[in-house]
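Observations on the three-dimensional arrangement
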Amino acid sequence: MDASTVADALSALRAHAGRSDAPRVADLFKADPGRFARFSVAFDDLLFDFSRHRVDATTLRLLVALARAADLEGRRAELFSGAAVNGTERRAALHMALRNLSGAPMRAQGEDVDAIVAAERARLLDFAQGVREGAIRAASGARFTDVVNFGIGGSDLGPAMAARALSPFVADGLKLHFVANVDGADIADALKGVALETTLFVVCSKTFTTLETMTNAASARARLVAALGEAAVADHFCAVSTQLDRVAAFGVRPDRVFGFWDWVGGRYSIWSAIGLSLAIGIGRDNFKDFLRGGEDVDRHFQEAPLERNIPALMGLIGVLCRNALGFPTHAVIPYDQRLVRFPAYLQQLDMESNGKSVGRDGRRVRLDTAPVVWGEPGTNGQHAFFQLLHQGTQIVPVDFLVAARPIAADERHHELLFANCLAQAQALTQGRGIEEVARQLEAQGMAPQEAAMLAPHKVFEGDRPSSTLLYGSLTPRTLGRLIALYEHKVFTQGVIWNVNTFDQWGVELGKELAVKLAPLVADADAPLDGLDSSTAGLIAAARARR
Ligand code: F6P
């Protein structure tokens, strides 16, 4: 990649997208009845509509030119080749190998990984199915009724999000719980009313050193031992990690330990044994379908031309919004209550991957990188923050996600949900001008003076961009597809911004400082010298209040 070619491509994009006489998207719709067909891409029962963005044929051409200037196709090939694309950690980023059910050869830094992946997946799914069907039981011989997952970040957000998303597929009589925070309230609330005698604990940590997870796992272990005795640990604990020696030291019996590999990043690990709790809940076949969804998208991302390549387009449109139009945040609004945790999942995926200010070359980047990603399900958001989306001073590009058909939910409710999703996208595009507002107020019989006062408050500027991802229904395969689409979107953007999408050094400093501060918090007499006055003042104030 030549930085000046990328800069030129971006300048051309900025010049076109930012020109003062750029038409409003609502006018583009009026002028071109074929706009939806031109600016949407179908992939099986999934449809990506980006016609509500500020794009025309030239924008699309310039975006693809930008992708080529950054060598997206070459970098994509490098990613799938298993080369060490995570340069600062000298690792591949080959999470795609975990969902490679077709068995196409995959190598991580030259090492063939298909066989080890398939073998570990088979062990995992046998175990998961055994728990689900009651063949694997608690120490007392009773069936497990509850599964408690300990993990944080990628070892929590993926399985927790997916378990909620796929709740209709979770076996009756099984409850899945997710405990992440070191705040003791998290585990206390999760275990309230849960019978330890029929609970399986799943400790998930890639490194098996993470403070939160280790603290929660140790607390649960102590509680289990107090209630059922040391011998019960063997039946009630299992673990997932890349660090098998550390797991052994914790005392999990070897056949209850499931591994994965350092070429799987935490936020990309839902496809690995980190998905164990999910697999127990939804079972072997559904879990495989979930993997198949990811695999579908890997194929599409590698094979579809850039102009029709959904994750590439999602990434490029994000670059248009971020770097050419200057929008600092990005909202993800699923009109799908079971995707309630999807925005939080995407926050880690996107912001931990591309929230960087140093490029792969070690220099300060010249472009803004990841936007702030946020969101909540619709319709709830409509009654909360949508005011800002429609009338705030910042423009927030939105991804709407919605199913054509509900699963285990009322059809009539779904019609209303769907209509609301369409209405919000429409309102953001078309807005409502002052003349229309004035006409409306007049028609309501409002006095002219009062109407003139009220009218500006009722104006919607419109021309606010959104994409819509429509899918058949939220099945395991669909969920796999949605996650993989966003993974490759994030990869695409990392290529344009030339950052290492697969490291996360920015999480380290806070962890180090917390380790130093913990003893000062625990010991009421420890001297607070050398701390900045805010830290010292807050510790002292907390001590005084205890
Ligand atoms: O602190 C950030 C992070 O390292 C994430 O990248 C990761 O998903 C999370 O912590 C949990 O890490 P682990 O799985 O090693 O416990």
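See the structure above.
Every value quoted in this text rests on a predicted model; they were computed, and no experiment measured them.

What counts and how
- Residues numbered from 1 in each chain as written.
- Predicted model: local features only at pLDDT ≥ 70, side-chain atom pairs only at ≥ 80, totals over all residues.
- Heavy atoms only, no water.
- 1 Å grid on protein atoms, 1.4 Å probe; cavity = no way out; pocket = protein on both sides within 12 Å on 5 of 7 lines; lining within 4 Å.
- Points joined across faces, edges and corners; volume = space filled by probe spheres on them.
- Helix = DSSP H or I, 4+ residues; strand = E, 2+ residues; numbered from the N terminus.
- Nonpolar A, V, L, I, M, F, W, Y, C, P; charged D, E, K, R; others polar.
- Phe/Tyr/Trp six-rings, centres within 6.5 Å; stacked < 30°, edge-to-face > 60°.
- Lys NZ or Arg CZ within 6 Å of the ring centre and 35° of its normal.
- Near = heavy atom within 4 Å.
- Polar contact = N/O pair within 3.5 Å; in protein donor to acceptor, adjacent residues only side chain to side chain.
- Sits in = over half its atoms within 2 Å of the grid points.

Looking at empty space enclosed by the protein
For the coordinates displayed, the defined rule picks out four cavities of 30 Å³ or more. The computed volume of the largest cavity comes to approximately 150 Å³. For the largest cavity, the lining is made up of 18 residues, of which M314, G318, H330, D399 and K489 are closest to its centre. Of all the elements in the fold, those that place two or more residues in the lining of the largest cavity are α13 (310–324), β10 (329–335), β13 (466–471) and α19 (476–497). The element contributing the most residues to the lining of the largest cavity is α13, with five residues. Looking at side-chain class alone, the lining of the largest cavity contains nine nonpolar, six polar and three charged residues. Counted as a void, the second largest cavity has a volume near 90 Å³. Lining the second largest cavity, in full, are L98, V117, E120, R121, L124, G259, W261, W271, S272, A273 and F287. Per element, the largest residue contribution to the lining of the second largest cavity is four residues, and it comes from helix α6 (residues 114–133). A per-class count over the lining of the second largest cavity returns seven nonpolar, two polar and two charged.

Observations concerning the packing of aromatic side chains
Following the criterion strictly, the structure yields 18 aromatic pairs and no others. With a centroid separation of 5.5 Å and 20 degrees between ring planes, the pair formed by F48 and F50 is classed as stacked. Between W374 and F385, the aromatic rings sit 4.8 Å apart at their centres with planes inclined by 70 degrees, giving edge-to-face as the arrangement. With W374 in strand β11 (residues 372–374) and F385 in the loop between β11 and α15 (386–391), the pair connects residues that are eleven residues apart, well separated along the chain. The positively charged end of R35 is found above the aromatic ring belonging to F29, 5.3 Å away from the centroid. Lying over the aromatic face of W271, R99 brings its terminal NZ or CZ to 4.4 Å of the ring centre.

Quick notes on the site of the ligand
Neighbouring the ligand are 14 residues; S155, S205, K206, T207 and T210 lie closest to it. Within the side chain of T210, an N or O atom sits 2.5 Å from an oxygen atom of the ligand. The pocket occupied by the ligand, as judged from atoms lying within 2 Å of grid points, is the largest pocket. The residue makeup of the shell around the ligand, split by class, is two nonpolar, nine polar and three charged.

Considerations on the layout of surface pockets
A probe as big as a water molecule, rolled over the atoms, marks out the empty space that is left. In this structure, the largest pocket occupies an estimated 1,200 Å³ of space. T207, T210, V507, E508 and K511 are the residues nearest the centre of the largest pocket, which is lined by 41 residues in total. The set of elements that each furnish at least two residues to the lining of the largest pocket consists of α9 (211–228), α14 (342–354) and α20 (508–522). Top element by residues in the lining of the largest pocket is α20. It accounts for six residues. The class makeup of the residues in the lining of the largest pocket is 14 nonpolar, 18 polar and nine charged.

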